[in-house]
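Listed below, chain by chain, are the residues.
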Amino acid sequence: MFNQDLIHIIPILFLIATGLLLMMLDAFKVRSVLPLIAGIGFVGTAVLALPLQEGMDVQQLAFNKMIFTGGLASLVTILLSVSGLFTLFFLSDFLKRQEKPIYDIYALLVFAVVGMILLANANDLIVTFIGLETMSICLYIMAALFKRDLKSNEAGLKYFLLGAFATGFFIYGIALIYGGAGSTNYSSMDFARLQESGLLLPGMGLILIGFLFKVSAFPFHAWTPDVYSGSPTPLAGFMATGSKAAAFIAFGIFLNKTLPDVVVNEKIYNVIGVIALLTMIYGNVVAVQQKSLKRMLAYSSIAHSGYVLLALCAGPEGLMAAVFYMFIYTLMNIGAFGMIGMAELKDQDADLDGWKGLGMRNPWFGAAMSIFLFSLAGIPPLAGFMSKYFVFISAIHAKYTLLAILGIITSVAGAFYYIRVIVSMFFQTTEKPVEVKTSNIYPTIGVGILAALLLLFGLYPAAFTSQLDHLFVLADYFTQATP
Amino acid sequence: MALQTALFWIFSILGIAGGIGLVINRNPVYSALSLILNFFSLAGLYLSLQAEFLAVIQVLVYAGAIMVLFLFVIMLLNLSDEPRVEGFDIARGASFLLAIGFVAEMLIILKDVVLPSSPEKFTYGKVESIGNLLMTNYLFPFEVISVVLVASLIGAIVIAKKFNY
């Protein structure tokens, strides 16, 4: 039985071993291979998570029902490894051009992904909490990585203080839920007792605050722009995608496991729906006013959180839509942040003015960036459109039609600021243009793969969705939802 | 039973007093010392709930290790009194109101909470039973916590390391 448990968590064990190996290699000053080893770690984790073995394809629980493995959990593991892998493509080149040879970051990146996998696959609030903390601690360090850069310091400190505060809310919520339900494990919670005790609403409210902070939903979003614009650019992309994906999936699992068994679930779904709407409106409206590209993408990531929250209102179907959305969002946003990093000079903020005419001087760069931006805007035939389609269709199935319509309107309005960047790149000129000078080939390869994936997902969605259903035994969810 | 109730009130009042002292003192050293008072009274409360292990850990780890570190840092940095905040602005007023509202809301909800009565014989607090649980039911979280520790260790080194970029 115990051996079986170990086999189930092999992807996580492999990634932890990679992280330890990276630490050791750094200590013995074997530094040039670190990005490569981290990359092998991520690829290996994704491959091990594939349902190659008998019985790995169905979702099940391991270690006394502490953690999900197989099925959807495998898909999530692959998603998070992919976000780490593509961050790597941009990271080593970015650090070299900024003349900041920091090598500890590779081990931190790997441990952050370990935390995310634990967070997203947890079936017990204690494991959720451990995953959340592993991930958050690594992210705080990433934000504060450039020690002589005031903006990076500000980002790290802000993220750490606010994050620690949100963690306080989260753990207090867990304590109240535990007090009422008699267990932290979703499989053995006593929901009738939880409801009777009156601890359901305060506990749930506090846990919601913790999750909403991590996904930067509207009233808890204030840290997002400062942290993303102060962090090293490829790592900001990692924060915006991987950490949000993990938090959203944990949030969705939490809602799906607890809400069906309680009477007040309608109220809680309505609260999340309203927050989703406010987040979409706020993110899109404020993003329009931004001059700095990183701040613009930070507000756009707030808006995207709104769409995923809308999906979470829609129950199990919405969770699937949210997973797919975060998958596509990870591909396009890491690409967009990575390309901003590619055009960033030492110690300079990426400003929209400098990008004017960049697409004419460097057509391939312009074309790839346009693919990412069009996809973020949700314009067909790119993958971003498919992911938005899944989200809105799941909201409509759950009778949140009005919210879905308002979401579509904000999404169309939000297309403005993505397209403005494309217009600047191709149709305007400037006195002080930025140049794209990468120090190695990896960022170009990364951009190429990401752009190709977005095009393929967008053009042939059915081919991929049926594969997803088949590989991860998702009850034909994606096949049915594909238009 | 009367003794237990009396101890509960003593430790609760001491704990709350420590918490208030932590917030209102202008001198960081006094604040830290108030926090130690708060930790000790919490340990007392744990003891009266028969959670001996938790009480010992509370004193050893929090009141012992963490607070000594706090005090060292405060004294090394040679912090002076916190400046008194002058005037009033809307943001501070709004956050004050929000905090008051939040506390009031929690109090109103928690007033009506009906907790299930505790079992007659409570045995979870002993070192033995905690060790048992950690090695059986909670084996997985117990082991993966080491990842958090390693990650924060690397983080502390990255932040503290001497380099100029």
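In what follows, the structure referred to is the one given above.
Note that the structure is predicted; figures quoted are calculated from it, not measured.

Draft legend 1. Structural context of the overall build of chain B. When helices and strands are tallied, chain B shows 6 helices and 0 strands. When the helices and strands of chain B are read in sequence order from the N terminus, they spell out α-α-α-α-α-α. Relative to the 2.2 N^0.38 estimate, which gives 15 Å for 165 residues, the radius of gyration of chain B is 21 Å and therefore markedly larger than a compact globule would have. Seen through its C-alpha atoms, chain B measures out along the principal axes to roughly 55 × 45 × 25 Å. Each of the 165 residues in chain B was classed as buried or not, and the buried ones make up 24%. Across chain B, the fraction of contacts at a sequence separation of at least 24, relative to all contacts at a separation of at least 6, is 55%. On chain B, the mean spot of the 8 positive side-chain charges and the mean spot of the 10 negative ones are 7 Å from each other.

Draft legend 2. Geometry of the packing of helix H9 (residues 200-214) of chain A against helix H12 (residues 265-288) of chain A. Residues and elements named next belong to chain A. For the pair H9 and H12, interaxial distance at closest approach is 12 Å and the crossing angle is 25 degrees. With respect to each other, H9 and H12 are oriented roughly parallel. The handedness of the crossing between H9 and H12 is right-handed. Across from Leu201, Met204, Leu208 and Leu212 in H9, the residues of H12 making contact are Ile268, Ile272 and Ile275.

Draft legend 3. The layout of surface pockets, seen in detail. Of the volumes computed, that of the second largest pocket is approximately 530 Å³. When contributions to the lining of the second largest pocket are tallied by element, the ones reaching two or more residues are helix H6 (125-143) and helix H7 (150-181) of chain A together with helix H6 (139-160) of chain B. Element by element, the count of residues in the lining of the second largest pocket is highest for H7 of chain A, at 7 residues. By residue class, the composition of the lining of the second largest pocket is 10 nonpolar, 5 polar and 2 charged.

Draft legend 4. Structural view of helix H4 (residues 72-97) of chain A. Residues and elements named next belong to chain A. With 26 residues, H4 ought to run about 38 Å at 1.5 Å a step, and its terminal C-alpha atoms sit 39 Å apart, in line with that. The sharpest bend along H4 comes to roughly 30 degrees, located at Leu88. Where burial is concerned, most of H4 is hidden: 25 out of the 26 residues are buried. Once H4 ends, the next one or two residues include Glu99, with phi positive near 55 degrees.

Draft legend 5. Here's a closer look at the pattern of salt bridges. Residues and elements named next belong to chain A. The tally for this structure, following the rule as stated, stands at 7 salt bridges over all chains. Ionic pairing is found between Arg31 and Asp26, a salt bridge with its closest N-O pair at 2.9 Å. The exposure class of Arg31 is partly exposed, given its relative accessible area of 27%. One salt bridge in this structure joins Lys158 and Glu154, with 2.9 Å as the shortest N-O distance. With Lys158 and Glu154 both in helix H7, this residue pair falls 4 residues apart, about one helical turn. With a relative accessible area of 29%, Lys158 lands in the partly exposed category. What emerges from the salt-bridge pattern is a single network uniting Glu154, Lys158, Asp226 and Arg295.

Draft legend 6. Spotlight on a nonpolar patch on the surface. On the surface, Val56, Leu60, Val61, Tyr62, Ile66 and Phe70 of chain B cluster together to form a nonpolar patch covering roughly 520 Å² of accessible area. One can find Val61 of chain B in helix H3 (residues 52-77).

Draft legend 7. Local environment of the side chain of Asp226 of chain A. Residue and element names in this part refer to chain A. Position of Asp226 relative to the elements: it lies in helix H10 (residues 223-230). Polar contacts involving the side chain of Asp226 include one to the side chain of Arg295, which spans 3.3 Å. Leave out the neighbours within four places in its chain, and Asp226 touches Glu154, Ala155, Lys158 and Arg295.

Draft legend 8. Local environment of H10 of chain A. Residues and elements named next belong to chain A. Most of H10 is tucked away: 8 of the 8 residues are buried. Within the span of H10, buried status applies to Trp223, Thr224, Pro225, Asp226, Val227, Tyr228, Ser229 and Gly230. On its buried face, H10 sits against H6, H7, H9, helix H11 (233-258), helix H13 (293-312) and helix H14 (315-342).

Draft legend 9. Seen up close, the packing of H10 of chain A against H13 of chain A. All names here are of chain A. The interhelical angle for the contact between H10 and H13, taken along N-to-C directions, is 140 degrees, at an axis separation of 8 Å. Overall, the two elements H10 and H13 adopt an arrangement that is oblique. Handedness of the crossing formed by H10 with H13: right-handed. Within the contact between the two elements, H10 uses Thr224, Pro225, Asp226, Tyr228 and Ser229 and H13 uses Lys294, Arg295, Ala298, Tyr299, Ser301 and Ile302.

Draft legend 10. Summary view of the nonpolar core. In this structure, Leu309 and Trp355 of chain A are the most contacted members of the largest nonpolar core, which totals 199 residues. A total of 19 residues in this core trace back to one element, the largest contributor, which is H14 of chain A. Residue contacts for Leu309 of chain A: discarding those within four places in its chain leaves Leu212, Ala217, Phe248, Phe251, Ile272, Ile275, Ala276 and Thr279 of chain A. The next biggest cluster of nonpolar side chains, apart from the first, holds 8 residues, and it includes Ala32, Ala63, Met67 and Leu71 of chain B.

Draft legend 11. Quick look at the interface of chain B and chain A. Contacts between the two partners involve 32 residues from chain B, matched on the other side by 45 residues from chain A. Both faces considered, chain B and chain A share a buried interface measuring about 3100 Å² in area, 79% of it formed by carbon and sulfur atoms. Taken together, chain B and chain A are joined by 1 salt bridge. Lys161 of chain B is the salt-bridge partner of Asp104 of chain A, the closest N and O atoms lying 3.3 Å from each other. Where chain B meets chain A, there are 4 residue pairs in polar contact (both at pLDDT 80 or more). At the level of secondary structure, the elements contributing two or more residues to the side of chain B that touches chain A comprise helix H4 (90-111) and H6 of chain B. For the side of chain B that touches chain A, the element with the highest residue contribution is H6 of chain B, accounting for 15 residues. Class assignment of the residues belonging to the side of chain B that touches chain A gives a composition of 24 nonpolar, 5 polar and 3 charged.

Calculation criteria
- Residues numbered from 1 in each chain as written.
- Chains lettered and ligands numbered in written order.
- Predicted model: local features only at pLDDT ≥ 70, side-chain atom pairs only at ≥ 80, totals over all residues.
- Heavy atoms only, no water.
- Helix = DSSP H or I, 4+ residues; strand = E, 2+ residues; numbered from the N terminus.
- Rg over C-alpha atoms; globule rule 2.2 N^0.38 Å.
- Buried < 20%, exposed > 50% of the residue type's maximum accessible area, 1.4 Å probe, protein only.
- Contact = heavy atoms within 4.5 Å.
- Lys, Arg positive; Asp, Glu negative; His and termini not counted.
- Charge placed at Lys NZ, Arg CZ, Asp CG, Glu CD.
- Axes fitted to C-alpha atoms, helices over the stretch in contact; angles between N-to-C directions.
- Parallel < 35°, antiparallel > 145°, perpendicular 65-115°, else oblique.
- Left-handed = near helix turned anticlockwise from the far one by under 90°.
- 1 Å grid on protein atoms, 1.4 Å probe; cavity = no way out; pocket = protein on both sides within 12 Å on 5 of 7 lines; lining within 4 Å.
- Points joined across faces, edges and corners; volume = space filled by probe spheres on them.
- Nonpolar A, V, L, I, M, F, W, Y, C, P; charged D, E, K, R; others polar.
- Expected span 1.5 Å × (residues − 1).
- Bend = angle between axes of the 7 residues up to and from the residue.
- Salt bridge = Lys/Arg side-chain N within 4 Å of Asp/Glu carboxyl O.
- Patch = residues over 30% accessible without salt bridge, like charges linked within 9 Å, V, L, I, M, F, W, Y side chains within 5 Å.
- Areas by Shrake-Rupley, 256 points an atom, 1.4 Å probe, with all protein chains shown as cover.
- Polar contact = N/O pair within 3.5 Å; in protein donor to acceptor, adjacent residues only side chain to side chain.
- Core = buried A, V, L, I, M, F, W, Y, C linked by side-chain atoms within 4.5 Å.
- Buried area = accessible area lost by both parts, 1.4 Å probe.

Keep in mind these values describe shape, not function.
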